[in-house]
Amino acid sequence: MIKVALDGEPLLGRRTGVGNFTLGLLEGLAGLEELDVAVYAVTWRMRPELAGRLPSGTHLIGRPMPARPVRALWERRLAVPLEAFTGPLDVVHGTNFIVPPTWRAARVVTVHDLTPLHFPEMCQPETLAFPEFIRRAVRRGAWVHTHSRFVADEVIDAFGADPDRVRVVWSGIPPLAPAGPAGPRLPFERYILAVGTVEPRKDYPSLVRAFDALAGSRPDVGLVVIGADGWGAGEFREALERSPHRDRIVQLGYVGDQDLTAVLQGAALLAYPSRYEGFGYPPLQAMAAGVPVVATAAGSIPEVVGDSAVLVPAGDHDALGEAMAALLDDRDRTRTLGGAGRERAGTFSWDACARGMAAIYSEAASGTRRASRPGTRRGAARSAR
């Protein structure tokens, strides 16, 4: 049995896309008999909350880790092995760009995207350190997991990673909760929906301009944005204020799971105007619900949605508006895309994700075990990785 410890910190607080990935993966891994699935987190104060959020079949491991001192040591490249807190492990999986140093355990790090490297102006200060953590992990022999071939190729090109140690395993799709008895009340019959934190990378100002181009001739159509304000939300606010159809644009902010389902299922289409994505859950959730998708051909989006969505160039609000207008006016095309989307979304499962990750853990652990046998140079050294 392989003893693997995953970083559970993304489960804390309001769950983001990384948190959804971590939870879905843990639930899938818990059903695999060949794994002993543990969870660690660089936190002292939040351990009780984390313990209450773990899925059945997984367990919290190790002593509390004081977050600031431990992270400060890692940032200074001082090797404080994770096993000093957890005891022996076979594999450590950093689920959010960072994998800690270890004594013997193999290391796997998930790289969701390379936004901080390509678009630093779109990032918050704390995420700008991610490329250095990735570079350090690659240099020390960590295995890299990505959700798409697009990001895998970026990691190989940007960091000189060994292609044999960069593996693509698709994520599953966060399941939609049952719709609540009464979802948010909206003041229009049909609406275009966008889902995601309001931040520069999502390019909602372009979406507002695209909506303005079609709204004049379609007075029954509105635009709904679900997502809390992130940094840089001021550009979206300015676009709203300039819009001649401001009264038909609704920002609901963050909504609960049941309300999200209700609004998504009622949408005429989902718009996904991102400038860059490493994967992207909203298009797949919409496709799973039979809602047609118009998205930008940015990052890994074409790879993820395949031929089951309408794609337009990133940043081209004219093309975005024309594509959305065409779908709103063509019910046959809408039905066709809805069916194709359901079929495409069905290929993304948490069971398949868990099996793919387990294969990476097995290969990583077997390599470390061979290197740690008595008489080998690495086995004798036992140095911190």
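Residues numbered from 1 in each chain as written. Predicted model: local features only at pLDDT ≥ 70, side-chain atom pairs only at ≥ 80, totals over all residues. Heavy atoms only, no water.

Visitor: I keep staring at the nonpolar core and nothing clicks. Help me out?
Guide: One recurring pattern in soluble globular proteins is that nonpolar side chains are buried together. Core analysis: the biggest nonpolar cluster contains 62 residues, and Leu25, Leu29, Leu193 and Tyr361 have the highest contact counts within it. For this core, the leading source of residues is helix H15 (residues 350–371), giving 9 residues. Ranked by size, the runner-up nonpolar core spans 32 residues in total, among them Ala38, Val99, Ile156 and Phe159. (Core = buried A, V, L, I, M, F, W, Y, C linked by side-chain atoms within 4.5 Å. Buried < 20%, exposed > 50% of the residue type's maximum accessible area, 1.4 Å probe, protein only. Helix = DSSP H or I, 4+ residues; strand = E, 2+ residues; numbered from the N terminus.)

Visitor: Explain the side chain of Arg107 here, please?
Guide: On the secondary structure map, Arg107 appears in strand S5 (residues 106–110). Nearest to the buried, unbridged Arg107 among oppositely charged side chains is Glu83, at 8.6 Å. In terms of polar contacts, Arg107 uses its side chain to reach the backbone carbonyl oxygen of Val99, at 3.4 Å. (Lys, Arg positive; Asp, Glu negative; His and termini not counted. Salt bridge = Lys/Arg side-chain N within 4 Å of Asp/Glu carboxyl O. Polar contact = N/O pair within 3.5 Å; in protein donor to acceptor, adjacent residues only side chain to side chain.)

Visitor: Sorry if this is basic, but what is going on with the packing of helix H8 (residues 204–215) against helix H9 (residues 234–242) here?
Guide: Each pair of packed helices can be described by the angle between their axes along with the distance between the axes. At a minimum axis separation of 8 Å, H8 and H9 run at an interaxial angle of 15 degrees. Taken together, H8 and H9 sit at an angle that is classed as roughly parallel. As for the relative orientation of H8 and H9, their crossing is right-handed in sense. For the pair formed by H8 and H9, the contact residues are Tyr204, Pro205, Val208 and Arg209 on the first element and Glu235, Phe236, Ala239, Leu240 and Arg242 on the second. (Axes fitted to C-alpha atoms, helices over the stretch in contact; angles between N-to-C directions. Parallel < 35°, antiparallel > 145°, perpendicular 65-115°, else oblique. Left-handed = near helix turned anticlockwise from the far one by under 90°. Contact = heavy atoms within 4.5 Å.)

Visitor: Help me understand empty space enclosed by the protein in this model?
Guide: Empty space among the atoms becomes visible once a probe the size of a water molecule is rolled across them. According to the stated counting rule, one finds 3 cavities of 30 Å³ or more in the structure shown. Looking at the second largest cavity, the residues that line it are Val198, Glu199, Pro200, Asp203, Tyr204, Pro205, Gly232, Ala233, Glu235 and Phe236. If you list the elements that add at least two residues to the lining of the second largest cavity, you get H8 and H9. Each residue belonging to the lining of the second largest cavity can be placed in one class, and the counts come to 6 nonpolar, 1 polar and 3 charged. (1 Å grid on protein atoms, 1.4 Å probe; cavity = no way out; pocket = protein on both sides within 12 Å on 5 of 7 lines; lining within 4 Å. Points joined across faces, edges and corners; volume = space filled by probe spheres on them. Nonpolar A, V, L, I, M, F, W, Y, C, P; charged D, E, K, R; others polar.)

Visitor: Which parts of the structure should I look at to understand the packing of aromatic side chains?
Guide: Given two aromatic rings, their pairing is described by the distance between the two centres and the angle made by the two planes. For the structure shown, the criterion picks out 8 aromatic pairs. Taken together, a centroid distance of 4.5 Å and an interplanar angle of 15 degrees make the contact between Phe97 and Phe130 stacked. Taken together, the residues span a long stretch of sequence, with Phe97 in the loop between strand S4 (91–94) and S5 and Phe130 in helix H6 (residues 130–139) at a distance of 33 residues. Judged by centre distance (6.3 Å) and plane angle (55 degrees), the ring pair of Phe150 and Tyr276 falls under tilted. (Phe/Tyr/Trp six-rings, centres within 6.5 Å; stacked < 30°, edge-to-face > 60°.)

Visitor: I would appreciate a short explanation of the pairing of S4 in the present structure.
Guide: Note on strand geometry: in a regular strand, side chains alternate between the two faces of the sheet. By the alternation rule, side chains of S4 split into Val91 and His93 and Val92 and Gly94, which are all buried. Where strand S1 (residues 2–7) and S4 come together, 3 bridges link them in parallel fashion. Within S4, the residue paired with Ala5 across the bridge is Val92. Direction of pairing for S4 relative to S5: parallel, over a ladder of 4 bridges. Bridge pairing links Val92 to Arg107 in S5. (Pairing = 2+ DSSP bridges.)

Visitor: Would you mind going over the sheet that holds strand S6 (residues 143–146) with me for this structure?
Guide: Backbone-to-backbone hydrogen bonds pair the strands of a sheet. The strands run either parallel or antiparallel. Taken in spatial order, the 7 strands line up as S3-S2-S1-S4-S5-S6-S7 in an open sheet, and their pairing is parallel. Two strands bound the open sheet, and with one partner strand each, they are strand S3 (59–60) and strand S7 (166–168). Of the strand pairs in this sheet, S1 and strand S2 (residues 35–40) are connected by 6 bridges, and their pairing is parallel. Bridging from a neighbouring strand, Leu6 pairs with Val39 of S2.

Visitor: Whenever I open this one, the environment of Asp316 confuses me. Can you help?
Guide: By secondary structure assignment, the location of Asp316 is in the loop between strand S13 (310–312) and helix H13 (317–328). Between the C-alpha atom of Asp316 and that of Glu126, which follows or precedes it by 190 residues, the distance is 30 Å.

Visitor: Which parts of the structure should I look at to understand the side chain of Thr261?
Guide: Inspection of the secondary structure puts Thr261 in helix H10 (residues 257–265). With near-sequence residues (within four places) excluded, Thr261 lies in contact with Leu176, Ala177, Pro178 and Ala179.

Visitor: Looking at this structure, I do not really get the pattern of salt bridges. What am I missing?
Guide: Close approach of charged atoms allows side chains with opposite charge to pair. Under the criterion given, the structure shown has 13 salt bridges. Note that Glu132 and Arg135 form a salt bridge whose closest N and O atoms lie 3.2 Å from each other. One end of the pair, Glu132, and the other, Arg135, are both in helix H6, 3 residues apart, so they sit about a helical turn from each other. Three or more residues are tied together by salt bridges with common partners; here these are Glu199, Arg201, Lys202 and Glu277.

Visitor: I would appreciate a short explanation of the layout of surface pockets in the present structure.
Guide: A volume near 230 Å³ is recorded for the second largest pocket. Around the second largest pocket, the lining comprises 13 residues; the ones closest to its centre are Arg190, Ala268, Leu327, Arg331 and Thr334. Elements that contribute at least two residues to the lining of the second largest pocket include exactly H13 and helix H14 (331–345). Looking at which element gives the most residues to the lining of the second largest pocket, the answer is H14, with 3 residues. Of the residues in the lining of the second largest pocket, the class split is 7 nonpolar, 2 polar and 4 charged.

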